[in-house]
Every structure is written in C-alpha cells, then in structure tokens.
Amino acid sequence: AFKEHELHGRPYLPRQVFRSSGTVGGVQRRAEHALAYPELVWARSLAFAQSILGSWAGYHLLALLPSYLDRGESSLLAMLDAYMKSPELIRGNYYNKEYQLFSEDWKAARRQGQSGLAWGIPYALMEWCEQVDFEPGLGDILIETGGSKGMPKAWTEEDRRAFWRKKLGSTLRLGGEYGMTELGSQAYQLEGSPWAGYVFPPMVGVGVYRVDDPLEWEKPGAVGGLCLVDPANYYGVSFVQTQDLGRILEDGSLALLGRMGGAEPRGCNLLYFS
C-alpha cells in the first residue's frame, strides 16, 4: 500500500517524506511515508530508545551506514539526526565506509574515558571487522540495524553475534533495532536487558496472524506474520500488516524470524532470531 498509494492525513501538510530503498531484482519500488510533525515522533522515539539502551551520558554515537548515506531520504537517518542532538551525547557522527576513521573516533572516545554507541548495518560492520583491528571497551554498545542488505550469505543472528564476539571480544554489549520506513516507532533488543527479544514502545500493539489465513490470529507463542498498530503513524496509516515472521515470547517481547516464504525481500529478509 505504501508503494502504490499516497497515504496521509488531511490537509496534506507533510514536513518530511521518507522513502525505502525499494530495490527488488533491480526494480525501484519505494515505499513512502509522510510525517506531519516529525519533531514529536523523534522526541518520543529518543526517549524510548534511551529507556531500553540506558542513559547516553558520556557516549559518542558512531553511525556506520554507507548505503543509507548514499541513498538519502531515509527515516533511519532522520531518526539518528534527532538522536545526535541529544544533550547527553558527547558527539555524533556518520561514516560511509570510512572504517579507519570510525575506529579512530571510537578509540579517541575511550582515551577520554568515554564510551561508544555504534550503530551500523551488518555488511558494513563485517567489512570493518575484517579490515580494522579494534577491541571495544567495557560499556561500549553495538546496535545492528537495517537488516542484512549486502550480506554475502544468509547469516543468522547467532552467526553474526559469534562473528562480532570473535573479532571484537566480549566486553561490549550487542543489540539490534527493528524498524521500517512505514512506521514511526522502532523496537530494540539489547544483551543484558530484562527482555529476551525486541521491545516496542508500550503504545504499539503487536499481533501475530496465521500465515495460511491472514484474517485469523495465531495461538499464543506460535510463529506467524506480524501486525503492528503504531499510533506514531497518526498522520498516515497506524495499522500495518507486514510479511515479517515472528512470535511473542513469554516475557512479552518479540522474536523476529525473517520473512515469509515467497514474500518480497526486504531489509529483515535474512534475519533469524532464535
């Protein structure tokens, strides 16, 4: 729907319009999502991210997002732009395959007794790990985002985390962010947090529907397609039925299990969370 139609409230007064990467088999079909009051959305988004990831006082936000920087019009970049204005952060910066500079800035933060909050897409993080010798410090956090675009093969989360541990050691905390162009809210997961899986803001409703019948809900704990009700989409469509697979865990958090068979590939297509 977000690719074939203009979905927005009335009157038409979007402050920002975001577009997905939309590349499937070389064909550009980009979803569009308009926001009328982005400052309100990002302020709430920042408050929730900090509630999961902890205080950002003394942190440097280091965003390794080459494909996003090349493309632009990304809601992820707009979100991180807002995050980088947080008065708690020491600084924030983007990196476009500038792997050495990414490492040097992170090391500089450590020399000053500060920590790194690194945000990156898996393929770029993998290339960085292969090219640069770096060992994070205690208190550093690495957040994967944007799915597995550009990955050479279908790595599970377990595979990737084993790779990060082997290359980066055991001192930093690993986490992930799940979002999409069509949503104003994001879900987070972080090692050592009270939740086993991904957590959306309390106002976001998450339902799991049957793959063989999208009009029926799955039984509790079963794997199915994800329906999301996001009030942050108040200017557009708050009710979004995805083709992402998942299940609700016992603690109420969300396990993400990739995409349905035959579904159009997207950023989370190669993700698997056990």
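**Quick notes on the side chain of Ser45**
Relative to the helices and strands, Ser45 is located in helix H1 (residues 38-53). Discounting chain neighbours no more than four positions away, the residues touching Ser45 are Met79, Tyr83 and Gln186.

**Regarding the pairing of strand S10 (residues 187-190)**
Alternating positions in S10 separate into two faces, Ala187 and Gln189 on one and Tyr188 and Leu190 on the other, with burial throughout. Of the pairings in the sheet, the one linking strand S9 (residues 173-178) to S10 comprises 4 bridges and is antiparallel in character. The residue of S10 that forms the bridge with Gly175 is Leu190.

**Overview of the sheet that holds strand S15 (residues 254-259)**
What the 5 strands build is an open sheet, ordered S12-S11-S13-S14-S15; its pairing is antiparallel. A strand with exactly one partner marks an edge of an open sheet, and here the two such strands are strand S12 (213-217) and S15. The mean inter-strand angle of the sheet, taken between neighbouring strand axes irrespective of direction, is 55°. With 4 bridges connecting them, strand S14 (residues 239-248) and S15 associate as antiparallel partners. Of the residues in S15, the one forming a bridge with Arg247 is Ala255.

**Considerations on the sheet that holds strand S7 (residues 115-120)**
Taken together, 6 strands build an open sheet; the order of strands is S6-S5-S7-S8-S9-S10 and the sheet is mixed. Single-partner strands in this sheet number two, and they are strand S6 (91-95) and S10. Strand-to-strand twist of the sheet, defined as the mean angle between neighbouring strand axes without regard to direction, takes the value 20°. Sheet strands in contact with helix H3 (residues 75-84) are strand S5 (59-64), S6, S7, S9 and S10, and its direction is about 155° off that of S6. Most of the contacts of helix H4 (residues 99-111) go to S5, to which it runs at about 170°, and overall it touches S5, S6 and S7.

**Some points on the confidence of the model for the chain**
One rule of thumb: low pLDDT means the predicted coordinates there are not for detailed reading. Mean pLDDT over the chain: 86, with 89% of residues reaching 70 or higher. Within the chain, S5 carries the highest mean pLDDT (97), whereas strand S2 (residues 23-24) carries the lowest (50). Note on residues 267-274: pLDDT under 50 across the span, and 29 contacts to partners over four residues away in sequence or across chains.

**Focus on the packing of aromatic side chains**
Under the defined criterion, the tally for this structure stands at 14 aromatic pairs. A ring pair is formed by Trp106 and Trp128, whose centres lie 5.8 Å apart and whose planes are at 15°; its orientation type is stacked. Of this pair, Trp106 sits in helix H4 while Trp128 sits in helix H5 (residues 122-131), and the two are 22 residues apart along the sequence. With a centroid separation of 6.1 Å and an interplanar angle of 85°, the aromatic rings of Trp119 and Tyr188 are classed as edge-to-face.

**Brief notes about the packing of H1 against H3**
Viewed as axis vectors pointing N to C, H1 and H3 meet at an angle of 75°, and their least axial separation amounts to 9 Å. In this view, H1 runs roughly perpendicular relative to H3, as classed from their interaxial angle. Facing Trp42, Ser45, Leu46 and Ala49 of H1, the residues of H3 in contact are Ser75, Ala78, Met79, Ala82 and Tyr83. In terms of residue class, the contact of H1 with H3 is made up of 7 nonpolar, 2 polar and no charged.

Each value, and the rule that gives it
Residues numbered from 1 in each chain as written. Predicted model: local features only at pLDDT ≥ 70, side-chain atom pairs only at ≥ 80, totals over all residues. Heavy atoms only, no water. Helix = DSSP H or I, 4+ residues; strand = E, 2+ residues; numbered from the N terminus. Contact = heavy atoms within 4.5 Å. Buried < 20%, exposed > 50% of the residue type's maximum accessible area, 1.4 Å probe, protein only. Pairing = 2+ DSSP bridges. Axes fitted to C-alpha atoms, helices over the stretch in contact; angles between N-to-C directions. pLDDT = per-residue confidence, 0-100. Phe/Tyr/Trp six-rings, centres within 6.5 Å; stacked < 30°, edge-to-face > 60°. Parallel < 35°, antiparallel > 145°, perpendicular 65-115°, else oblique. Nonpolar A, V, L, I, M, F, W, Y, C, P; charged D, E, K, R; others polar.

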